[in-house]
Amino acid sequence: MDVHGNPYRSIRLSQDDRQVEIIDQTRLPHEFVVVRLSTLDQAVEAICDMQVRGAPLIGATAAYGFCLGLLENAEDKSLRVIADTLIRCRPTAVNLRWAVQRMLTVLLPLSPSERVAAAYEEAAAICEEDVAANKDIGKHGGGLLREIWEKKGKSAPVNILTHCNAGWLATVDWGTALAPVFRAHMDSIPVHVWVDETRPRNQGAHLTAWELVSAGIDHHLIVDNAGGHLMQHGQVDICIVGTDRTAASGDVCNKIGTYLKALAAFDNQVPFYVALPGSTIDWQVSDGVGEIPIEERAPDEVLQVQGLHERQLVQVGIAPANTPAANPAFDVTPARLVTGLITERGICSASRAGLLSLYPEKG
Ligand code: MRU
């Protein structure tokens with residue numbers, strides 16, 4: 001997507017085709033800073049500290065992190081060490097494990113001297129496939145937005161509520177939940193987005209709002225608790241969110257607070273869709289609530305907020321000094337609350353049968 005009129009991706013190779021460039025997402029929307037990763041440790045740090053985040057981008061960064069690790073040592077023993085180091089970074093987004101497994105499958109049969117070139121090729125393929133998948137999610141989800149607009153007699157914009165950031169910054173390009181919004185906007189369908197701020201890290205306020213401003217798309221930032229009220233008053237036509245891990249049963253695990261939005265949508269008969277590329281499906285999990293590991297992050301993320309003060313990024317405390325905080329980063333929305341899954345292969349019901357109708361090779 002465009003940044004100040006220039007096409008950008010959230011991750012790319014530097015000019016030497018070896019180092020990796022990412023946008024430091026901890027500094028947006030106030031500073032647009034491109035950071036160069038040259039070692040496995042730097043890639044691990046970028047994922048752990050959330051300079052890169054969002055399930056597909058975590059997977060893509062892990063794939064390139066693998067390449068950087070191999071530049072340091074391409075022996076058999078080192079492949080396992082690199083894989084284990086990367087997989088430990090964040091537990092919930094399944095794309096991390098998926099990308100690392102994919103790299104191992106390609107690299108293990110090769111001799112050490114063949115591995116570096118093959119690794120860069122595979123990481124590039126993972127990125128290109130992600131872009132193509134998200135573009136297709138945009139096409140299918142954009143169709144839904146067009147239908148809603150037509151049902152409204154083309155008289156008013158389609159109001160979409162989204163949670164967290166599942167835009168292009170969370171993927172290599174296009175995004176998942178925001179891809180239909182970008183598509184609709186490009187097709188001149190009027191859209192308006194309600195952006196949940198998404199405490200504690202405020203990915204909605206920091207990243208989704210920034211993407212929408214950059215794209216010139218109409219939106220309002222709202223506090224996380226406003227969604228139910230807006231739905232009760234007919235101000236939300238559709239919710240679309242992303243997912244970090246989709247169980248084979250159709251349960252979806254996404255940023256903390258997603259479940260509450262789904263409950264409110266259900267109570268108000270607002271369609272609740274989840275957008276995902278196939279890489280986000282964990283076919284080994286059938287009970288999302290019971291089986292998906294939920295990342296617990298540092299209490300400081302709850303006890304403090306980050307913002308701009310006198311042109312400096314600062315953290316300020318918002319709670320009494322001795323208040324302990326808990327910080328589960330994701331929750332699971334059961335399939336029964338999900339109207340449909342928007343994938344690169346089309347839209348299906350949130351169920352094993354629905355997913356298998358689009359991915360029959362997994363049956
Ligand atoms: O903790 P984050 O910012 O990595 O969480 C991101 C999300 O929850 C996204 O909604 C999800 O990864 C889908 S991104 C296309």
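Since the model is a prediction, treat every value here as computed from it, not as a measurement.

Asker: Where do I start with the side chain of Asn165 in this structure?
Answerer: Looking at the element boundaries, Asn165 is found in the loop between strand S6 (158-162) and helix H6 (179-186). A distance of 3.1 Å separates polar atoms of two side chains, one belonging to Asn165 and the other to Thr208. Of note is the side chain of Asn165, whose polar atom sits 3.1 Å from the side chain of Glu211. Once residues within four sequence positions are removed from consideration, Asn165 is found in contact with Arg53, Ala170, Gln203, Leu207, Thr208 and Glu211.

Asker: Quick question: what am I supposed to make of the sheet that holds strand S3 (residues 11-13) here?
Answerer: Backbone hydrogen bonds are what pair the strands of a sheet, in a parallel or an antiparallel way. Read from one edge of the open sheet, three strands run S3-S4-S5, paired in antiparallel fashion. Two strands bound the open sheet, and with one partner strand each, they are S3 and strand S5 (34-37). Here the strands of the sheet are splayed against their neighbours by 30° on average, with no regard to which way each runs. Taken together, the three bridges between S3 and strand S4 (residues 20-23) define a ladder with antiparallel strand orientation. Considered in S4, the bridge of Arg12 is made with Glu21. Most of the contacts of helix H2 (residues 55-72) go to S3, to which it runs at about 25°, and overall it touches S3, S4 and S5.

Quick notes on the rules
- What you see as residue numbers is a count from 1 along each chain, following the sequence as written.
- Predicted model: local features are reported for residues with pLDDT of at least 70 only, side-chain atom pairs are reported and counted for 80 or more only, and whole-chain, interface and lining totals are derived from all residues.
- Side-chain calculation: all heavy atoms of the structure are included, whereas hydrogens and water are not.
- Put simply, DSSP H or I for four residues or longer makes a helix, DSSP E for two residues or longer makes a strand, and each gets a number counted from the N terminus.
- Think of a polar contact as two N or O atoms within 3.5 Å of one another; within protein, one of them needs to be a possible hydrogen donor and the other a possible acceptor, and neighboring residues in sequence only count if both atoms come from side chains.
- Contacts: residue pairs with any heavy atoms within 4.5 Å of one another.
- Strand pairing is assigned whenever DSSP identifies at least 2 bridges connecting the two strands.
- Axes, fitted as lines to C-alpha atoms, cover a helix only where it is in contact. Angles between the N-to-C directions of the axes lie from 0 to 180 degrees.

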